Amino acid sequence: MAELQTNMDVDTSQMKVSDEVAIDIQSMNKWYGAFHVLRDIDLTVYRGERIVICGPSGSGKSTLIRCINALEEHQAGSITVDGTLLSSDLKNIDTIRSEVGMCFQHFNLFPHLTILENCTLAPIWVRKTPKKEAEEVAMHFLEKVKIPDQANKYPGQLSGGQQQRVAIARSLCMKPRIMLFDEPTSALDPEMIKEVLDTMIELAEEGMTMLCVTHEMGFARQVANRVIFMDAGQIVEQNEPEEFFMNPKSDRTKLFLSQILGH
Amino acid sequence: MSDTHAQTVAFVRETQIPPAPPPATETGVIKWVRENLFSSWVNSILTILSIYFIVRGVIAVYPWFANGVWGTSDLATCRQILDGATGACFSVLQDRWRQMIFGIAYPDDQYWRPLLAFALLLVCVAPVLFSKLPRKLLILSALYPFLAYWLIWGGTIMIPIMVMVGFVAGYYAFTWAERASGFAAGLASFVVTASVVWFIGGLISGAMPGFIALQEVPSRDMGGFMLNMILGTICVSLSLPLGIVLALGRQSSMPIIKGICVVFIEFIRGVPLITLLFVANVVLAYFFPPGTNLDLILRVIIMITMFSAAYIAEVIRGGLAALPKGQYEAGDSLGLNYSQSMRLIILPQALKISIPGIVNVAVGLFKDTTLVSVISMFDLVGVLRGPILSSTAWTGIYWEAFGFAALLFFVVCYGISQYSQWLERQLRTDHR
Ligand SMILES: Nc1ncnc2c1ncn2[C@@H]1O[C@H](COP(=O)(O)OP(=O)(O)OP(=O)(O)O)[C@@H](O)[C@H]1O
Ligand SMILES: [Mg+2]
C-alpha cells in the first residue's frame, strides 16, 4: 500500500460539498452496436464533490465521463448537467459543453496554435470575449498552472506535464463549473505526474466540482470525497476513500485493489 | 589508499585549451566533395560517369544555343544561314512571340491590359500567399478578380462593379438571415438578393455601355500563354474551396450530402479530363436553357474546376483522416460548433498536411490547361500546333517552339513548387 502513504499537502478548508446537484445521471445505458458498455448507471454528483472513478481497463470509465459532455451519445436513461437535460438538442449540448471542462489523456492541444492561442480560442469564439480580455484571463490561468513564460511557444515545444497543465488552463479559461479528467496523468513520466496532480489539487482546494478517471490512488485518498469502482460497465462499489481502500466490500474491488496496490 | 584513489580520479583543469581550426580534410569544399562524391568506390565511379555524361551533354547542346539564329522571318532563311551547322532558329520566337503569349486575335494595341492584369495578379495574390503582410491588403485580393476581368475582357466597368455589388449585397443578406434563421435561410437570401442586384445591374450596365469602357475583346480571341494563365489562375482558385467543401461533405454524417459528394468525386475522377472538355465544347450547351449562350471559356473553366476539385477533395480527405480524433473532441468539448472547429482547428491542420498533394494537383491542372488545344482553343500549345507550325514560314520547327513553351510552363510550376516548400517550412510548428 506504498502509494497510499505518500502525503500531499491538501488544504481542505474550501472543499465543501453543497446540496446543489451538479450532475444527475439516472439509469443510463449505452451500447456500441450490440455491445452493452454502460449498464444502468445511476450517479448524482453534488456541487463541490471530487469524485475519482477507477476500474479495470475496458470497464467503461472513459465512456461514462464522455457521455456527460456528449462526446458519446447514450441510448437510454437521462443525464442532467447543471439543470440542463442532455438530449439531441444541439443548443442543450452546447450549453452543457461550455459549462463542463474536459482534460484528456493525450492532452489534445491544438498543435498549430501557440499556448496562448490555445487558451483564448474558445473564449473568443464561443463566449465572444474580446481578444484582449481573453488574453488576460488566459495569462491568469497560465500563471496558475505555473507556465506563463511558455505562452508564445507551440505545444510541440513543451514537455508532457507542461502540455497537460496547459490543457487544464485551456479548459479553465472557459470558466467551467465542472471539470472532467480522463486519465490526465497516465501518459506522463513520474516527475511530471506530480506537477499535474498538484495543479488538480489546487483546483480541488478552490472548490471545483471534479470527476477524475485516474489510477493515482494517493490522489484519490487525499483529494476525493468519493471513490467509484466500475467493472464491466457497471458501478460496482462507491464509498468514501478511507473506507473504500481499507475496507472494500466486493470481491472484484478487493481483487482490483490488490492488483494495483500490491506490487 | 583513499589518497591515491582520489588522485587518480579527481581532476581539475587549470589551463584553457585554445580553439583550433578543424583539420583541412574536415572542412569546406574538400570535405563536402569527399563525403558526397567519393565516399566509396561505387560512389566515385558513379561521380566520374555522371561528369562524363554531363560534359557530353553540354558539348552536344552548346553549339545549338551558341549558333542560334535570330532575326530571320522564316525557317528556310534560317537554315540557309546555318548552312548545315547545328544551331537553333530562335527567330521564330522573335517573329511569333505575340501569338505565343497573347494568341492570334488579341488586338496588338491592347497588350498592355493583360500585362497589367498579370502584374496586378502578382501584387494582389501576395496578401493571400504571405500571411505576414497586413490583413487589410486582402481587400486588394478580393477586388482583383473584378478588375482583372475588366482589364482582360474590356467593356464597361459597370459590369464587374455590378457583379461585385451583387456579391456584397448577397453577403449582407446572408449574414442577416443566417443570424435570424439559420444557414439554409442565409444561403437562400444570398441567392435571391444577389440575383436581384445582378438583374438590375445588367439593365444598368446595358444602358450605359460606354461608361469607363475599354475596347471589348470576346472570349474566342483569348489565346496563347495568356489563356493558359487565365484558365490556370481561375481554376486553381475556384477548385481549392470547392475541393474543401467536397471533402467535408464526404465526411458528413448527413447521408444525402455525403452521397452527392461521393458520387460527384468518384464520377469526375473516373472520367478523363479530355472527355470532360469535349462535353464542355459540345454537350454542355444542351443542359442550359435554349438561348443562353454560355461562353466556351466559362464552360471549360467549369469542367477543369470540377475535375481538379475532385482530386483536391481526395487529397484533403487524406489530411482530415490523418488528424487524431482527439482534435475533434477537444474542439467539441470546448463548445465550438461545427463550422468553428472546422475553420479554426481541423482545416488549418488538414490543409497543412495536404499542401504537397494540393500543389501536385495545382501544377498538374496548370499543365492540363494545354488540353484545351484539342477542342480548338488557341492556347500556347494550340497556337504552336496550329498557326505557327502549319504556317509556310515556320512549318517543321519543333525544338525551339516547344522548348520555349516548356520553359514558360516550367518557370510557373517551379515557382509554385518553391512557394509551397517555403510555406510548409513556415507552418511547421510541431517540432521546432
Ligand atoms: N468507439 C467504440 N466502438 C466500439 N467499442 C468501443 C468504442 N470505444 C470503446 N469501446 C469499448 O467499450 C468498452 C469501454 O471502453 P472505455 O474506453 O470506456 O474503457 P475504460 O474503462 O476507459 O478503459 P481504459 O482504462 O483502458 O481507458 C471497451 O470494451 C472498449 O473496447
Ligand atoms: Mg479510458
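Residues numbered from 1 in each chain as written. Chains lettered and ligands numbered in written order. Predicted model: local features only at pLDDT ≥ 70, side-chain atom pairs only at ≥ 80, totals over all residues. Heavy atoms only, no water.

1. A look at the sheet that holds strand 1 (residues 21–32) of chain A
All names here are of chain A.
Link 1 in the chain: Taken in spatial order, the 4 strands of this open sheet run 2-1-4-5, and their pairing is antiparallel. Single-partner strands in this sheet number two, and they are strand 2 (35–46) and strand 5 (84–85).
Link 2 in the chain: Bridge analysis of strand 1 against strand 4 (residues 76–81) gives 5 bridges, and the strand direction is antiparallel. In the sheet register, Gln26 faces strand 4, and the bridge partner there is Ser78.
Link 3 in the chain: Seen against the sheet, helix 2 (residues 61–68) touches strand 1, strand 2 and strand 4 and runs at an angle of roughly 120 degrees to strand 1. (Pairing = 2+ DSSP bridges. Helix = DSSP H or I, 4+ residues; strand = E, 2+ residues; numbered from the N terminus. Contact = heavy atoms within 4.5 Å. Axes fitted to C-alpha atoms, helices over the stretch in contact; angles between N-to-C directions.)

2. So, the pairing of strand 3 (residues 50–54) of chain A
Sheet faces and side chains relate simply in a regular strand, where the side chains alternate between the two faces.
Residue and element names in this part refer to chain A.
Link 1 in the chain: In terms of burial, strand 3 is a largely internal element, 5 of the 5 residues being buried.
Link 2 in the chain: Alternating residues of strand 3 divide into Arg50, Val52 and Cys54 and Ile51 and Ile53, and every residue in both groups is buried.
Link 3 in the chain: With 4 bridges joining them, strand 3 and strand 8 (residues 209–213) adopt parallel strand pairing. Note on strand 8: the bridge partner recorded for Val52 is Cys212.
Link 4 in the chain: By the bridge criterion, 4 bridges tie strand 3 to strand 9 (residues 226–231) in an arrangement that is parallel. Residue Val52 lies in a different strand from strand 9, and its bridge partner there is Val227. (Buried < 20%, exposed > 50% of the residue type's maximum accessible area, 1.4 Å probe, protein only.)

3. Focus: the nonpolar core
Proteins that are soluble and globular tend to have nonpolar side chains buried together.
Link 1 in the chain: Among the nonpolar cores identified, the biggest contains 97 residues, and Ile23(A), Ile25(A), Ile53(A), Leu211(A) and Met222(B) are the most heavily contacted of them.
Link 2 in the chain: For this core, the leading source of residues is helix 12 (residues 296–322) of chain B, giving 12 residues.
Link 3 in the chain: Excluding residues that lie within four positions of it along the chain, Ile53(A) makes contacts with Lys61(A), Leu64(A), Ile65(A), Leu211(A), Cys212(A), Val213(A), Thr214(A), Ile228(A) and Met230(A).
Link 4 in the chain: Counting 50 residues, the second largest nonpolar core, distinct from the first, contains Met200(A), Cys212(A), Ala220(A) and Val227(A). (Core = buried A, V, L, I, M, F, W, Y, C linked by side-chain atoms within 4.5 Å.)

4. Focus: the sheet that holds strand 7 (residues 178–182) of chain A
Residue and element names in this part refer to chain A.
Link 1 in the chain: Pairing is mixed in the open sheet, where 6 strands are placed in the order 6-7-8-3-9-10. Edge positions in the sheet fall to strand 6 (100–103) and strand 10 (234–239), since each has one partner strand and no second. When strand polarity is set aside, the average angle formed by the axes of neighbouring strands in this sheet is 20 degrees.
Link 2 in the chain: Against the sheet, helix 3 (residues 90–99) engages strand 6 and strand 7, with an angle of about 65 degrees to strand 6.
Link 3 in the chain: Here helix 6 (residues 160–172) sits on the sheet and contacts strand 6 and strand 7; the angle it forms with strand 6, its principal contact strand, is near 170 degrees.

5. Let's talk about the site of ligand 1
All names here are of chain A.
Link 1 in the chain: As a structural note, the neighbourhood of ligand 1 is formed by Tyr32, Phe35, Val37, Pro56, Ser57, Gly58, Ser59, Gly60, Lys61, Ser62, Thr63 and Glu183.
Link 2 in the chain: Residue Tyr32 places a side-chain N or O atom 3.4 Å away from a nitrogen atom belonging to ligand 1.
Link 3 in the chain: Ser57 has a polar side-chain atom sitting 2.6 Å from an oxygen atom of ligand 1.
Link 4 in the chain: Against a free-state accessible area of 640 Å², the protein chains account for coverage of 59% of ligand 1.
Link 5 in the chain: Only strand 2 and helix 2 provide two or more residues apiece to the shell around ligand 1.
Link 6 in the chain: Residues of the shell around ligand 1, tallied by class, amount to 4 nonpolar, 6 polar and 2 charged. (Near = heavy atom within 4 Å. Polar contact = N/O pair within 3.5 Å; in protein donor to acceptor, adjacent residues only side chain to side chain. Areas by Shrake-Rupley, 256 points an atom, 1.4 Å probe, with all protein chains shown as cover. Nonpolar A, V, L, I, M, F, W, Y, C, P; charged D, E, K, R; others polar.)

6. What to know about the interface of chain B and chain A
It is common to give the size of an interface as the accessible area that goes away when the parts come together.
Link 1 in the chain: Taken residue by residue, the interface counts 20 residues in chain B and 22 residues in chain A.
Link 2 in the chain: Carbon and sulfur atoms supply 59% of the area that chain B and chain A bury against each other, a total of about 2,000 Å² over both sides.
Link 3 in the chain: The largest per-residue losses of area from chain B upon contact with chain A belong to Ser333(B), Leu334(B) and Thr429(B), which jointly make up 29% of the total buried on that side.
Link 4 in the chain: We note a salt bridge from Arg66(A) to Glu329(B), for which the minimum N-O separation is 2.7 Å.
Link 5 in the chain: In this assembly, chain B and chain A are joined by 6 residue pairs in polar contact (both at pLDDT 80 or more). (Buried area = accessible area lost by both parts, 1.4 Å probe. Salt bridge = Lys/Arg side-chain N within 4 Å of Asp/Glu carboxyl O.)

7. A few points about the side chain of Ser250(A)
Residue and element names in this part refer to chain A.
Link 1 in the chain: Within the element layout of this structure, Ser250 appears in the loop between helix 9 (241–246) and helix 10 (251–262).
Link 2 in the chain: On the basis of relative accessible area, Ser250 is assigned to the buried category, the value being 18%.
Link 3 in the chain: A polar atom in the side chain of Ser250 sits 3.3 Å from the backbone nitrogen of Arg252.
Link 4 in the chain: In this structure the side chain of Ser250 is engaged in a polar contact, spanning 2.8 Å, whose partner is the side chain of Thr253.
Link 5 in the chain: Ser250 has contacts with Val236 and Glu237, leaving out every residue within four places of it along the chain.

8. Quick notes on empty space enclosed by the protein
Link 1 in the chain: Per the stated rule, a full pass over the model turns up 1 cavity of 30 Å³ or more.
Link 2 in the chain: The calculated volume of the largest cavity comes to roughly 50 Å³.
Link 3 in the chain: As for the largest cavity, its lining consists of Arg97(A), Ser98(A), Val100(A), Gly101(A), Met102(A), Ser171(A), Met174(A), Pro176(A), Ser333(B) and Leu334(B).
Link 4 in the chain: Those elements that place two or more of their residues in the lining of the largest cavity are helix 3 and strand 6 of chain A.
Link 5 in the chain: The biggest single contributor to the lining of the largest cavity is strand 6 of chain A, with 3 residues.
Link 6 in the chain: Residues that form the lining of the largest cavity fall into these classes: 5 nonpolar, 4 polar and 1 charged. (1 Å grid on protein atoms, 1.4 Å probe; cavity = no way out; pocket = protein on both sides within 12 Å on 5 of 7 lines; lining within 4 Å. Points joined across faces, edges and corners; volume = space filled by probe spheres on them.)

9. Section: helix 4 (residues 75–82) of chain B
All names here are of chain B.
Link 1 in the chain: The complete set of buried residues in helix 4 reads Leu75, Cys78 and Leu82. Projected down its long axis, helix 4 shows its buried positions confined to an angular sector of 60 degrees, all on one face. Turned more than 90 degrees away from the buried face of helix 4 sit Ala76, Gln80 and Ile81, all of them exposed.
Link 2 in the chain: The inward-facing, buried residues of helix 4 abut helix 5 (91–102).
Link 3 in the chain: Phi for Asp83, located one or two positions after helix 4, is positive at around 55 degrees. (Arc of directions from axis to C-beta.)

10. Description of helix 4 (residues 115–125) of chain A
Link 1 in the chain: Summarising burial for helix 4 of chain A: 8 of the 11 residues are buried, a large majority.
Link 2 in the chain: Taken as a whole, helix 4 of chain A has its buried residues at Ile115(A), Leu116(A), Asn118(A), Cys119(A), Thr120(A), Leu121(A), Ala122(A) and Pro123(A).
Link 3 in the chain: Looking at the packing, one finds that the buried side of helix 4 of chain A touches helix 5 (131–144) and helix 6 of chain A together with helix 14 (338–368) of chain B.

11. Remarks on the confidence of the model for chain B
Link 1 in the chain: Per-residue pLDDT for chain B has a mean of 87; in total, 94% of the residues score no lower than 70.
Link 2 in the chain: Predicted as a complex, the structure gets a pTM of 0.85 and an ipTM equal to 0.90. (pLDDT = per-residue confidence, 0-100.)

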